[in-house]
Each structure stands twice: as C-alpha cells, then as structure tokens.
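What the coordinates show
Each chain is listed here by its residues.
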Amino acid sequence: MGDLEPKKLLIIVESGTLDKLYCAFIMSSAAVAMDWEAHLYFTFWGLRMLRIGEMEKAGLDSTYKDLEDGLQKRLEEMKYPTPYQMLKQIKASGRLTIYACTPTMSMFNIKKDELIPEVDKLAGAAQMLDIASGSAVTLFI
Amino acid sequence: MGDLEPKKLLIIVESGTLDKLYCAFIMSSAAVAMDWEAHLYFTFWGLRMLRIGEMEKAGLDSTYKDLEDGLQKRLEEMKYPTPYQMLKQIKASGRLTIYACTPTMSMFNIKKDELIPEVDKLAGAAQMLDIASGSAVTLFI
Amino acid sequence: MGDLEPKKLLIIVESGTLDKLYCAFIMSSAAVAMDWEAHLYFTFWGLRMLRIGEMEKAGLDSTYKDLEDGLQKRLEEMKYPTPYQMLKQIKASGRLTIYACTPTMSMFNIKKDELIPEVDKLAGAAQMLDIASGSAVTLFI
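Since this is a predicted model, take the numbers as computed values, not measurements. Along each chain, the written sequence defines residue order, and numbers are assigned to residues from 1. Here the convention is simple: chains get letters from A, ligands get numbers from 1, in the order in which they are written. Totals for whole chains, interfaces and linings use all residues, but because this is a predicted model, local features are given only for residues with pLDDT of at least 70 and pairs of side-chain atoms are given and counted only at 80 or more. With hydrogens and water stripped out, all remaining heavy atoms of the structure feed into the side-chain values.

1. Some points on the side chain of C:Glu54
Residues and elements named next belong to chain C. Applied cut-off: Labels follow the DSSP assignment, with helices taken as runs of H or I lasting at least four residues and strands as runs of E lasting at least two, numbered in each case from the N terminus. Buried residues are those whose accessible area, probed at 1.4 Å on protein chains only, stays under 20% of the maximum for their type, while exposed residues exceed 50% and partly exposed ones sit between those limits. Residue contacts follow a heavy-atom distance rule, with two residues in contact if any of their heavy atoms lie within 4.5 Å.
Topologically, Glu54 is positioned in the loop between helix H2 (44-48) and helix H3 (68-77). Classification of Glu54 as buried rests on a relative accessible area of 18%. With sequence-adjacent residues up to four places away left out, Glu54 is seen in contact with Arg48 and Met49.

As structure tokens, this is what we get:
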C-alpha cells in the first residue's frame, strides 16, 4: 500500500432484514479482503439489529416471508455463517468501523449499553456524510 | 466558499415510508448545514408523497406496521418535526432543490398542480443522472 | 468519444418488485442513451427475477399490493414496455452488461442455465466492487 490511502466502502444499513444484512456484510467482507476499509453506518431498522441478541432473529420482510424457512434451512445446510458471525469475522480484519446512528437511538430510545460491543462509534448524519464524500463507493441499503 | 463549488448530495427518494423520508430529510438537513447543496429526486412511492396532503399520512411499511403507533407517539413526545415540516425547513436554507420524476407522473397520471409548491422542477432520468455524476454522494432510498 | 472512457452507471438490483425493476431499467435506458455504459448486478430478489419466465410475474411488495392491478392496467393502456422488454431494448444498445451474483446463486441453488440468455457474467462481490469504484454513479436498489 505504501503511503496510498486505502479505498473506502461505506454502507448505510437502514434495513434490518436477513437478505439486506447479508448484502451489506458480503460486500464488506469482499472490501476488506481487497484491502479496502469498510464502514457500516447502522440506522433505523439496521440500528435496531445492533441491539444485543437481535441480529440472530433477523428474518425476511413480509413480501418474502414464505421463503424464510427454506432460506434459513439452506443456509444451515451450507454451514453459511450467520450475519453476526460474519460481522465478527470482518471486524477481526481490523478494517471495519461500525457506527450507530444517534438520531435513531433517540427516536427509539436505545442506549449505547444495549448495543453489541463491536460498535465503534456513535455518529450523526454530518459525520456519515463526511465519510461518504471520501469513499470510493457509498450505498444505502 | 470562495469560488469553490459546493459539494452535492443527491438522494433519489423512491420510498414513501416514514422511516425512509426521515432518512432522506435528516441527511439533507445535515448536508445543507455543512454548506452542501442537497438535491432530492422523488420517484415512485416517494413521488406520490409529494401530492398535497400526502406526506402527512406517511406510515411504515407492512413489515414494521406494528411499530408505527409507538414511533409516532415517541416522535410527538420528542416534538420531532414531521417530514413535511422538516422538508420546508431545509428548503428555507436556499440550498435544496426538489425534483419530481416525470415518468412516474405519467405512470400514475399525476399532474403538476397536485404536487406541493416546494417542488422546483420536473425531471426525467437523464437529468437526474447528470446531477448524480456531479455529486459527492448519491443515494437511492 | 475519442479516447475518452465512457461514464459508467452501476446498479445493484437487490429488489425484485415491479417498481424497482422499472427504476433500474429506466435509469439504465437513460444512461445508454447518453452514451454511458450501464452495468446491472442482480442479487437476491433481483437475481431470482433473472430466472426464465420470472420477470414477467413481477409485482409490487406487500405494502403496495392494493395498487398493483391499477398500475398494471395503466401500464397496458400506455403501451409501456414490460421490464423484460425494456431490458432487451437496453441490451440491444450494446452498452449494457448484466451480472448474476454468485453467492445468491449458491444460497438459492440457482444454476446458470435457469437464467435468461441476456446475462453476460456470473460475478461475486469483489468483481462488483471493482466496477463500482470505477463508476460515475453506483446505486443499490
């Protein structure tokens, strides 16, 4: 890398469904494997999934509810990591920063000590936009 | 700013739910506070919310319907601005441009005079892509 | 164009609903008309829509189900192309590349020969991020 800055991927994780969490984490996993930095900013339903014990309960949204059992079974057969396991694997790379959205925390009255210990920072929209403007890729999921 | 162009945030607002409108508006609000330009391009369900009187009725999608009353009550307690109040506050900064998507207007047979007066321009996808390619951050919500 | 590289639009199509497919395809159509390259990376519900015969059945998500018949009828009256017709029109420009997400294919046990012939490449998240980092506009739909 020398003195070059690593590329950044920022994903604003607004959704809390299983498919969207996998999308965010599979892309983050690919990013850190390519020596990029990954930044995950959790807001709304995504933020709610950062509460301890919550990510393990992630399912599909009501449109796809009938596919949920089949998908869960298939993922078990494949021994696919759960979203939380995947998040911890990416965190272990040292290249992932996790942000919890402060406006959402107020709206839903969620306190920092309710969140999983992998959360690095609490941040508002201005800080998120700063990161976004320096990122190679920014996605809202 | 001198002769520097301000940074631009473009959000394509496809969704019409309360959470997504707040996401779009909270980010736009942060952007204008940082002296960025904010551009909101409303399409599909988002465009439908620009009809007069419609944004006031925004709710959550069917997956999260059971959380709707609790969230609305909490927002009232916090004296949080409604989405439309927030939109008008951002508009007052002079740094927000609001676009209504013309293909959506045809699809749903919506006329310009049905839309709130804050709409600045009617625009198609080509004009939107032009703005996107000059923006620091572009999100599809 | 001379030796200038064309601008690129990359859309990660995660959704499989009618409104989101139209958004992706209308923007791609505008992009190729502006001499941009369009890249559509289909994942999850979007990928499932690439199976032969599937896109023709696209509907709205459960929140908007009651608007589905009216919208379909209106689109027929307008003689609006269906999503698949639109996709083939854009493909005919020679400027559209269609990718199918390999992790999704494993998760849902979907084989290449089940997909429409317009698919150009199977690709994982790393290849997608490479394209994203060279794109003028990247959206997650």
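2. Considering the relation of the copies chain C and chain A
Just so we agree on the cut-off: We superpose the copies by least squares over the C-alpha atoms of residues that have a pLDDT of at least 70 in both of them.
Aligned on chain A, chain C shows an RMSD of 0.0 Å; the corresponding rotation is 120 degrees and the shift along the axis is 0.0 Å. In short, the pair behaves as if placed about a three-fold rotation axis.

3. Section: the interface of chain A and chain B
Applicable threshold: By buried area we mean how much accessible surface two parts lose on assembly, using a 1.4 Å probe and totalling the loss over both. Here a salt bridge means any side-chain nitrogen of Lys or Arg lying within 4 Å of a carboxyl oxygen belonging to Asp or Glu. As used in this structure description, the phrase polar contact means that two N or O atoms lie within 3.5 Å; if the pair is within protein, one of them must be able to donate a hydrogen and the other to accept it, and residues adjacent in sequence are counted only when both atoms belong to side chains.
Across the boundary between the two partners, chain A contributes 25 residues, which contact 28 residues of chain B. Summing both sides of the interface, chain A and chain B together bury roughly 2100 Å²; the carbon and sulfur share of this comes to 74%. Looking at the side of chain A facing chain B, the largest losses of area belong to A:Trp45, A:Met107 and A:Phe140, adding up to 32% of the total buried there. At the boundary of chain A with chain B, the tally comes to 0 salt bridges. At the junction of chain A and chain B, the tally comes to 6 residue pairs in polar contact (both at pLDDT 80 or more).

4. A word on the state of the cysteines
Going by this rule: Here, a disulfide means two cysteine sulfur atoms that sit within 2.5 Å of each other.
All told, the structure shown has 0 disulfides over all chains when counted by the stated rule. Cysteine B:Cys101 shares no disulfide, and the gap to the nearest cysteine sulfur, in C:Cys23, comes to 7.3 Å. Judged by relative accessible area, which is 4%, B:Cys101 ranks as buried.

5. Let's talk about the sheet that holds strand S3 (residues 96-101) of chain A
All names here are of chain A. Formally: Strand pairing is defined by DSSP finding a minimum of two bridges between the two strands. To define axes, lines are fitted to C-alpha atoms, for helices over the stretch in contact only, and angles between the resulting N-to-C directions are given on a 0 to 180 degree scale.
On the basis of which strands lie adjacent, the open sheet formed by 5 strands has the order S4-S3-S2-S1-S5 and parallel pairing. Each edge of the sheet is formed by a strand with only one pairing partner; in this case those strands are strand S4 (121-123) and strand S5 (137-140). Averaged over all adjacent pairs, the angle separating strand axes in this sheet is 20 degrees, with direction ignored. As paired strands, strand S2 (residues 37-42) and S3 are joined by 5 bridges and run parallel to one another. Bridge pairing links Leu40 to Ile98 in S3. Strands in contact with helix H4 (residues 83-91) are S2 and S3; relative to S3, the strand with the most contacts, it is inclined by about 125 degrees.

6. Observations regarding the interface of chain C and chain A
Filter applied, for reference: Here the nonpolar group is Ala, Val, Leu, Ile, Met, Phe, Trp, Tyr, Cys and Pro; Asp, Glu, Lys and Arg are the charged ones; every other residue, Gly included, is treated as polar.
Taken together, the contact pairs 25 residues of chain C with 28 residues of chain A. Between chain C and chain A lies a buried interface of about 2100 Å² when both sides are counted; carbon and sulfur atoms form 74% of it. Between chain C and chain A we count 1 salt bridge in total. At the surface where chain C touches chain A, the tally comes to 6 residue pairs in polar contact (both at pLDDT 80 or more). At the level of elements, H2, helix H5 (102-107), helix H6 (125-133) and strand S5 (137-140) of chain C are the ones that each hand at least two residues to the side of chain C that touches chain A. Counting residues per element, the side of chain C that touches chain A draws most heavily on H6(C), which supplies 7 residues. Taken together, the residues that form the side of chain C that touches chain A break down as 13 nonpolar, 8 polar and 4 charged.

7. Here we look at the relation of the copies chain A and chain B
Overlaying chain A on chain B yields an RMSD of 0.0 Å, the required transformation being a rotation through 120 degrees with an accompanying axial translation of 0.0 Å. A different interface surface on each copy is seen, since only 16% of the contact residues of chain A are contact residues in chain B too.

8. A word on the side chain of B:Glu14
Mapping B:Glu14 onto the fold places it in the loop between strand S1 (8-13) and helix H1 (18-33). Sequence-distant contacts of B:Glu14, defined by excluding residues within four places in its chain, comprise B:Thr43, B:Phe44, B:Trp45, B:Gly46, B:Phe140, B:Ile141, C:Asp19, C:Lys20 and C:Cys23.

9. Regarding the packing of helix H1 (residues 18-33) of chain C against helix H4 (residues 83-91) of chain C
Residue and element names in this part refer to chain C. Quick note on the threshold: The scheme is simple: roughly parallel for angles under 35 degrees, roughly antiparallel for over 145, roughly perpendicular for 65 to 115, oblique for anything else. Put simply, a crossing is left-handed when the front helix is turned counterclockwise from the back one by less than a right angle, and right-handed when it is turned clockwise.
Two elements in contact, H1 and H4, have axes whose closest approach is 10 Å; the angle formed by their N-to-C orientations is 20 degrees. The angle between the axes of H1 and H4 places the two elements in the roughly parallel class. Seen from above, H1 lies across H4 with left-handed handedness. Across the interface between the two elements, Leu18, Leu21, Tyr22, Phe25, Ile26, Ser28, Ser29 and Val32 of H1 pack against Pro83, Met86, Leu87 and Ile90 of H4. Its residues assigned to classes, the contact of H1 with H4 shows 10 nonpolar, 2 polar and no charged.

10. Side note on the packing of aromatic side chains
Aromatic rings in a pair are described by how distant their centres are and how their planes are angled relative to each other. Spelled out, the test is: Classification of ring pairs uses Phe, Tyr and Trp, with its six-membered ring standing for Trp, and accepts pairs whose centres are within 6.5 Å; under 30 degrees between planes counts as stacked, over 60 as edge-to-face, and the remaining range as tilted. Throughout this description, the term charge over a ring refers to an Arg CZ or Lys NZ atom that lies within 6 Å of the ring centre and within 35 degrees of the ring normal.
This model, assessed by the stated rule, comprises 21 aromatic pairs over all chains. Both rings, one in A:Phe44 and one in A:Phe108, keep their centres 5.9 Å apart while their planes meet at 90 degrees; by these two values the pair is edge-to-face. One end of the pair, A:Phe44, is in helix H2 (residues 44-48); the other, A:Phe108, is in the loop between helix H5 (102-107) and S4, with 64 residues separating them in the sequence. Residue A:Phe44 is classed as buried on the basis of its relative accessible area of 2%. When its relative accessible area of 15% is taken as the criterion, A:Phe108 is described as buried. Taken together, the ring pairs connect A:Phe44, A:Trp45, A:Phe108 and B:Tyr64 into an aromatic cluster. When the ring centre of A:Phe108 is taken as origin, the NZ or CZ atom of A:Arg48, which lies over that ring, is 4.7 Å away.

11. Quick word on the pairing of strand S1 (residues 8-13) of chain A
On any regular strand, side chains alternate: one points to one face of the sheet, the next to the other face. Residues and elements named next belong to chain A. Filter applied, for reference: Looking down the strands as they point away from the viewer, one classifies a crossover as right-handed if the path from the first strand across the helix to the second runs clockwise.
Among the 6 residues of S1, 5 are classified as buried, and the element is accordingly described as predominantly covered. Pairing geometry for S1 and S2, over 6 bridges, is parallel. Across the sheet, residue Lys8 finds its bridge partner in S2, namely Glu37. On the question of chirality, the crossover connecting S1 to the parallel S2 by way of helix H1 (residues 18-33) is right-handed. Where S1 and S5 come together, 4 bridges link them in parallel fashion. Following the sheet pairing, Ile12 is matched in S5 by Phe140.

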